[in-house]
Amino acid sequence: MSGTVMEQIGTERISVNARLERVNPNGTTTQIGSWNNLQATGFFWAWERVHFVERGHDYRLTLTATVFRNGTSETVSTSRTTKAN
């Protein structure tokens, strides 16, 4: 798994929460991992982690990033689903 957040120059800090879920055949999800308060100073954050999963299932990685700039913060979220072959 990996994730990257790049913000505007002047960003003071980025804090990211990551959540890994297995997507079950009935559409529900089961959380299988979470990593909170992953920090970076400046305007660039990158993260990579190995996590073993079962083949044949779909998995969703969701990143929620809070960006701090000029005394304010903004939170954005993105996710990606992929099948483990």
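What you are looking at is a predicted structure, and each value in this text was computed from that prediction instead of being measured.

*Asks:* I keep staring at a nonpolar patch on the surface and nothing clicks. Help me out?
*Replies:* A cluster of nonpolar side chains, namely Ile-9, Phe-43 and Phe-44, defines an oily patch on the protein surface of about 300 Å² accessible area. Its place among the elements puts Ile-9 in the loop between β1 (2-6) and β2 (11-23).

*Asks:* Would you mind going over the pattern of salt bridges with me for this structure?
*Replies:* When the charged atoms of two side chains with opposite charge come close together, those side chains can pair. By the definition in use, this model includes 3 salt bridges. Of the charged contacts in the structure, one is a salt bridge between Arg-19 and Glu-21, with a shortest N-O distance of 3.3 Å. Judged by its relative accessible area of 8%, Glu-21 falls in the buried class. Between Asp-58 and Lys-83 there is a salt bridge, with its nearest N and O atoms 3.5 Å apart. Of this pair, Asp-58 sits in strand β5 (residues 58-69) while Lys-83 sits in strand β6 (residues 72-83), and the two are 25 residues apart along the sequence. If you follow the salt bridges from partner to partner, you end up with Arg-19, Glu-21 and Arg-60 in one network.

*Asks:* In this structure, what is going on with the pairing of β5? I would like to understand it.
*Replies:* The side chains of a regular strand alternate, residue by residue, between the two faces of the sheet. Note that β2 and β5 share 12 bridges and pair antiparallel. Bridge pairing in β5 places Arg-19 opposite Thr-62. In terms of strand pairing, β5 meets β6 through 12 bridges, oriented antiparallel. The residue bridging Asp-58 from the neighbouring strand is Lys-83, located in β6. Hairpin connection between β5 and β6: a loop of 2 residues separates the two successive antiparallel strands, and Asn-70 in this loop has a positive phi of roughly 55 degrees.

*Asks:* It is not clear to me how the side chain of Thr-62 should be interpreted in this structure. Could you clarify?
*Replies:* Position of Thr-62 relative to the elements: it lies in strand β5. On the accessibility criterion, Thr-62 (9% relative accessible area) is buried. Setting aside its immediate chain neighbours within four residues, Thr-62 contacts Asn-17, Ala-18, Arg-19, Glu-21, Ser-77, Thr-78 and Ser-79.

The rules behind the values
Residues numbered from 1 in each chain as written. Predicted model: local features only at pLDDT ≥ 70, side-chain atom pairs only at ≥ 80, totals over all residues. Heavy atoms only, no water. Patch = residues over 30% accessible without salt bridge, like charges linked within 9 Å, V, L, I, M, F, W, Y side chains within 5 Å. Areas by Shrake-Rupley, 256 points an atom, 1.4 Å probe, with all protein chains shown as cover. Salt bridge = Lys/Arg side-chain N within 4 Å of Asp/Glu carboxyl O. Helix = DSSP H or I, 4+ residues; strand = E, 2+ residues; numbered from the N terminus. Buried < 20%, exposed > 50% of the residue type's maximum accessible area, 1.4 Å probe, protein only. Pairing = 2+ DSSP bridges. Contact = heavy atoms within 4.5 Å.

Scope: geometric values only; no functional claims are made or implied.
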